[in-house]
There are 2 protein chains.
Amino acid sequence: MGGDGYLGWPTAMSFAAKGHQVCVVDNYLRRQMAIETRSEALIPTPNLHDRAKIFESASGYKMEVKIGDCADYRFFSNLFKEFAPDAVVHYAEQPSAPYSMINFDAAHLTLNNNLNTTFNLIWAVKEFNPNCHIIKLGTMGEYGTPNIDIEEGWLEVEHKGRKHKFLYPRQAGSLYHTTKVLDTDLLWFYVRAYGIQVTDLMQGPVYGIATEEADIDDRLVPNFHYDDIFGTLINRFLVQAVAGIPLTVYGKGGQTRGYLNLKDTIRCVEIAMSNPPGKGQLRIFNQFTELFSVNEMADKVKRVGANLGLDVLVRSIENPRKEPENHYYNVVNSGLKDLGLNPNLLTDEVLEGMLRRVIMHKDRISTDKILPRVSWNK
Amino acid sequence: MGGDGYLGWPTAMSFAAKGHQVCVVDNYLRRQMAIETRSEALIPTPNLHDRAKIFESASGYKMEVKIGDCADYRFFSNLFKEFAPDAVVHYAEQPSAPYSMINFDAAHLTLNNNLNTTFNLIWAVKEFNPNCHIIKLGTMGEYGTPNIDIEEGWLEVEHKGRKHKFLYPRQAGSLYHTTKVLDTDLLWFYVRAYGIQVTDLMQGPVYGIATEEADIDDRLVPNFHYDDIFGTLINRFLVQAVAGIPLTVYGKGGQTRGYLNLKDTIRCVEIAMSNPPGKGQLRIFNQFTELFSVNEMADKVKRVGANLGLDVLVRSIENPRKEPENHYYNVVNSGLKDLGLNPNLLTDEVLEGMLRRVIMHKDRISTDKILPRVSWNK
């Protein structure tokens, strides 16, 4: 679900290449939102049918492509019955925090799309295959930045001499992240009510466009957004470095997050799929490999840019978001490593590879879509 | 919002009688669901326009009536702009746990109606009057029955030598109750993002049909549902006692909840409105006055029934819900008392008054709609 997305597409290729029968479904919602907000990706990507054909000719691996809206139960439940999946990877959500904060309509779309894709998946599983394993992409952003350690999904609380293990309390910093909190609440309820099995992957920001399959043909590249709305911090910094404009740090730059390489996202999903949690279980993993603050990331890009002869400046600007800019952040992420994840770290070589890729498409950069166009304070 | 409901209607009358300018809005969703599920109320209630007219002739107090869907932003935001309320009491939700568990369609309606009425209210306040006080009816059911004390909305957690105050972790026992958890998450996010002011009233099951204004004229009575879907435990027991069929206890009957009198609901809303929390605050009260287990409630009805010459039997049946039937339950509810709530307790006289009212309508009882028709296990 969400097979046209930055994560969905390379995940689909990887599973197909490992011999799985794969069906990708997408309604091109992100493409539509990107056009509406003038946030097109840096590198053009063919549509899903075309990408699947290119992938098939290049690699010999087939996948099914279905275009439709997972928030529409008639469409989605028919597809679910027909394809009869053993597992579903659910990426079909509006993924941008700034988009979710634009105005009523964008917020309304985010809330209703994200909740109903999750809801429909839960119901299709309940009605047509209760043994199907739901692999749901959550986000580390659900936890926010509490002043205590962030455990892996659950928190054993001792209070007035008694104990209870709760779902780790969540408090997110955007409506998008809040919809993921609502997803978790929904999944947790239905796991208890109907005994479905769910893995919730609490993922940090992902970087990278190289994967084993994406590297076969340039036209198989995952979406690379660098704008303020769909672009991640790293992508924005890389493009700013190449365009010769200062890297823009929001506020003090102490905001710390857990990052991971796109290759590791795919590996984590694979680990989850190969080790299902069992019926009636909600299993939660914190999915990231390294912590960096915004300032640390800016320093990295500056240093690696210099190696390529780029003169990279860094500039702090007013933070358009409401978020702590210096905070405690100590997070457990042992679950996936215990199951075999060997992290691909954010080395200078990895950053340099991404910078070189951006340089190849330098003429397509629009510098007027990188600075914040959406504010939390309006 | 939800002015036609069991709580909405008497709340509206009470505020009108205290000199407030009141507008009630409802789309008759509950009436529609009650007809669909053969769960009509015991005592007929005129439609909202007619009730408002009857109330006006009997008391001299006017109120505005608007029929429409609060989950429709065009309708709701226009009404909000036109009436320009200083405070909104939000009861406009699908309120039945069993209804929310019937099937996909009922669950879909519950999720989308409840989330979108709350979402629309938040946005109308943000866009048209950020000083408006939102008084939101939550439910004690959001907390579930954890093994530690339930605090009033928040929990200070000490973990590995550090502390953080979280929204008290919630885990509800039905999709209906889960939608209230999602509401809380949404409200808490938007309080932090946009500085709106919200009181969340975590209410237990309410009993009683007598209020100062409802007692003026029989046709002003609040809805009295006694079926398995919209009826509360007390109402089902009262009707079973009058109909001469055994009171049906679900499972072991140790399920303990915090109850309150309808008069106290109205008083709590009034207390909240007279003492707004201030901008940027989410204030949470646990709204109940007494704890009873199902077995204790059965004993009460049996005893009071006997005083009226009714031979009341009690019978345990298989629990259609998934819930602990014996559990720890210690709950703080000091906030509203500190602000002046003097509880109306569930005395034998109060129960007797309700029983007498049911006896007056004995011929309208359908005994085939009291036993559980919805199971959590299907």
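All of the points below concern the structure found in this document. Think of each chain on its own: its residues are numbered from 1, step by step along the sequence as written. Chains and ligands are labelled sequentially in the order written, the chains with letters from A and the ligands with numbers from 1. Thresholds applied to this predicted model are a pLDDT of at least 70 for local features of residues and 80 or more for the giving and counting of side-chain atom pairs; totals over whole chains, interfaces and linings are not thresholded and use all residues. Based on all heavy atoms of the structure, the side-chain values leave hydrogens and waters out of the count.

1. Topic: the interface of chain B and chain A
Accessible area lost upon the coming together of the parts is a frequently used measure of interface size.
(1) Moving on: It only takes one pair of heavy atoms within 4.5 Å for two residues to be counted as in contact. With 50 residues of chain B in contact, the opposing surface of chain A contributes 50 residues.
(2) Moving on: A 1.4 Å probe defines the accessible area here, and the buried area is the portion of it lost by two parts on being joined, summed over both. Both sides together, the interface formed by chain B and chain A hides about 4700 Å², and carbon and sulfur atoms give 62% of it.
(3) Moving on: For salt bridges, the criterion is a side-chain nitrogen of Lys or Arg within 4 Å of an Asp or Glu carboxyl oxygen. Inspection of the chain B/chain A interface yields four salt bridges.
(4) Moving on: Among the salt bridges present, the one from A:Asp149 reaches B:Lys160, with a minimum N-O distance of 3.8 Å.
(5) Moving on: In protein, a polar contact means a hydrogen-donor-capable atom and an acceptor-capable atom, both N or O and within 3.5 Å, with residues adjacent in sequence counting only if both atoms are side-chain atoms; elsewhere, any N or O pair within 3.5 Å suffices. Where chain B touches chain A, the interface holds 19 residue pairs in polar contact (both at pLDDT 80 or more).

2. Some details on the sheet that holds strand S10 (residues 256-261) of chain A
Residues and elements named next belong to chain A.
(1) Moving on: Here the rule is simple: two strands pair whenever DSSP picks up at least two bridges between them. A run of DSSP states H or I qualifies as a helix once it reaches four residues; a run of E qualifies as a strand once it reaches two. Both are numbered from the N-terminal end. Across the sheet, three strands lie side by side as S8-S10-S12; this open sheet has mixed pairing. The strands lining the two open edges of the sheet, one partner per strand, are strand S8 (206-207) and strand S12 (290-293).
(2) Moving on: Sheet analysis places S10 next to S12, joined by four bridges and oriented antiparallel. Among the inter-strand pairings, Arg257 is bridged to a residue of S12, identified as Phe292.
(3) Moving on: Sheet strands in contact with helix H9 (residues 262-274) are S8 and S10, and its direction is about 80 degrees off that of S10. Fitted lines through C-alpha atoms serve as axes, helices being fitted only where they are in contact, and the angles separating the N-to-C directions of these axes extend from 0 to 180 degrees.

3. Quick word on the relation of the copies chain B and chain A
(1) Moving on: The two copies are related by a screw motion: chain B maps onto chain A through a turn of 180 degrees and a shift of 0.0 Å along the axis, at an RMSD of 0.0 Å. Viewed as a symmetry operation, the transformation between the two copies matches a two-fold axis.
(2) Moving on: A share of 100% of interface residues in chain B that are also interface residues in chain A marks the association as one of identical surfaces. Least-squares superposition aligns the copies on the C-alpha atoms of those residues with pLDDT at or above 70 in both.

4. Looking at the environment of B:Gly353
Residues and elements named next belong to chain B.
(1) Moving on: Among the structural elements, Gly353 can be located in helix H12 (residues 348-360).
(2) Moving on: The classification of residues rests on relative accessible area computed with a 1.4 Å probe and restricted to protein chains. Under 20% of the type maximum is buried, over 50% is exposed, and intermediate values are partly exposed. Judged by its relative accessible area of 39%, Gly353 is partly exposed.
(3) Moving on: Once the C-alpha coordinates of Gly353 and Leu260 are considered, the two residues, 93 residues apart in sequence, prove to be 16 Å apart.

5. Digging into the nonpolar core
(1) Moving on: Definition of nonpolar core: a set of buried residues of the types Ala, Val, Leu, Ile, Met, Phe, Trp, Tyr and Cys, connected through side-chain atoms within 4.5 Å. Grouped together as the largest cluster of nonpolar side chains are 126 residues, with contacts concentrated most on A:Tyr190 and B:Tyr190.
(2) Moving on: A:Tyr190 has contacts with A:Phe119, A:Ile122, A:Trp123, A:Gly195, A:Ile196, B:Ala107 and B:Leu175, leaving out every residue within four places of it along the chain.
(3) Moving on: One finds B:Val24, B:Leu220, B:Phe285 and B:Leu355 within the second-largest nonpolar core, a separate group that totals 65 residues.

6. Remarks on unusual backbone geometry
(1) Moving on: One non-glycine residue with positive phi stands out, namely A:Ala84, at about 50 degrees.
(2) Moving on: In this structure, A:Ala84 sits in the loop between helix H4 (73-83) and strand S3 (87-90).
(3) Moving on: Unlike most non-glycine residues, B:Tyr28 shows phi in positive territory, near 60 degrees.
(4) Moving on: Here B:Tyr28 lies in the loop between strand S1 (23-26) and helix H2 (29-36).

7. Brief notes about the packing of helix H6 (residues 104-128) of chain B against helix H7 (residues 175-194) of chain B
Relative orientation and spacing of two packed helices are given, respectively, by the angle between their axes and the distance between those axes.
Residues and elements named next belong to chain B.
(1) Moving on: For the pair H6 and H7, the least separation of the axes is 10 Å and the interaxial angle reads 20 degrees. Between H6 and H7, the angle is such that the two are roughly parallel. Here H6 runs over H7; the crossing is right-handed. Only Leu175, Tyr176, Thr179, Leu182, Asp183, Leu186, Leu187, Tyr190 and Tyr194 of H7 make contact with H6, whose side of the interface consists of Ala107, Thr110, Leu111, Asn114, Leu115, Thr118, Phe119, Ile122, Trp123 and Lys126.
(2) Moving on: Here the contact of H6 with H7 is composed, by residue class, of 13 nonpolar, four polar and two charged. Throughout this description, any angle smaller than 35 degrees is read as roughly parallel, any larger than 145 degrees as roughly antiparallel, any in the 65 to 115 degree range as roughly perpendicular, and the remainder as oblique. Two helices cross in a left-handed way if the nearer one is turned anticlockwise from the farther one by less than a right angle. They cross in a right-handed way if the turn is clockwise. Residues are sorted three ways: Asp, Glu, Lys and Arg are charged, Ala, Val, Leu, Ile, Met, Phe, Trp, Tyr, Cys and Pro are nonpolar, and all the rest, Gly among them, are polar.

8. Structural notes on the sheet that holds strand S4 (residues 133-139) of chain B
Residues and elements named next belong to chain B.
(1) Moving on: Pairing within the open sheet is parallel, and its four strands lie in the order S3-S4-S7-S11. With partners counted over all chains shown, the strands left at the sheet margins are strand S3 (87-90) and strand S11 (282-287), one partner each. Taken pair by pair, the neighbouring strands of this sheet meet at an average axis angle of 20 degrees, ignoring direction.
(2) Moving on: Here seven bridges tie S4 to strand S7 (residues 197-203), and the two strands are oriented parallel to one another. Each bridged residue has a counterpart across the sheet, and for Ile135 the counterpart in S7 is Thr199.

9. Let's talk about helix H8 (residues 233-243) of chain B
(1) Moving on: For H8(B), the buried fraction is high: 10 of the 11 residues fall into the buried class.
(2) Moving on: Next to the buried residues of H8(B) lie strand S8 (206-207), strand S9 (247-250), strand S10 (256-261), helix H10 (294-307) and H12 of chain B.

10. Re the pattern of salt bridges
(1) Moving on: If you walk through the whole model with that rule in mind, you get 40 salt bridges over all chains.
(2) Moving on: As a salt-bridge pair, A:Arg303 and A:Asp348 come within 2.8 Å of each other at their nearest N and O atoms. With a gap of 45 residues between them, A:Arg303 in helix H10 (residues 294-307) and A:Asp348 in helix H12 (residues 348-360) connect regions that are remote in the sequence.
(3) Moving on: Residues B:Glu352 and B:Arg356 are paired through a salt bridge, measuring 3.0 Å at the closest nitrogen-oxygen approach. Residue B:Glu352 and its partner B:Arg356 are both found in helix H12; the two are separated by four residues, about one turn of the helix.

Nothing here speaks to function; it is all geometry.
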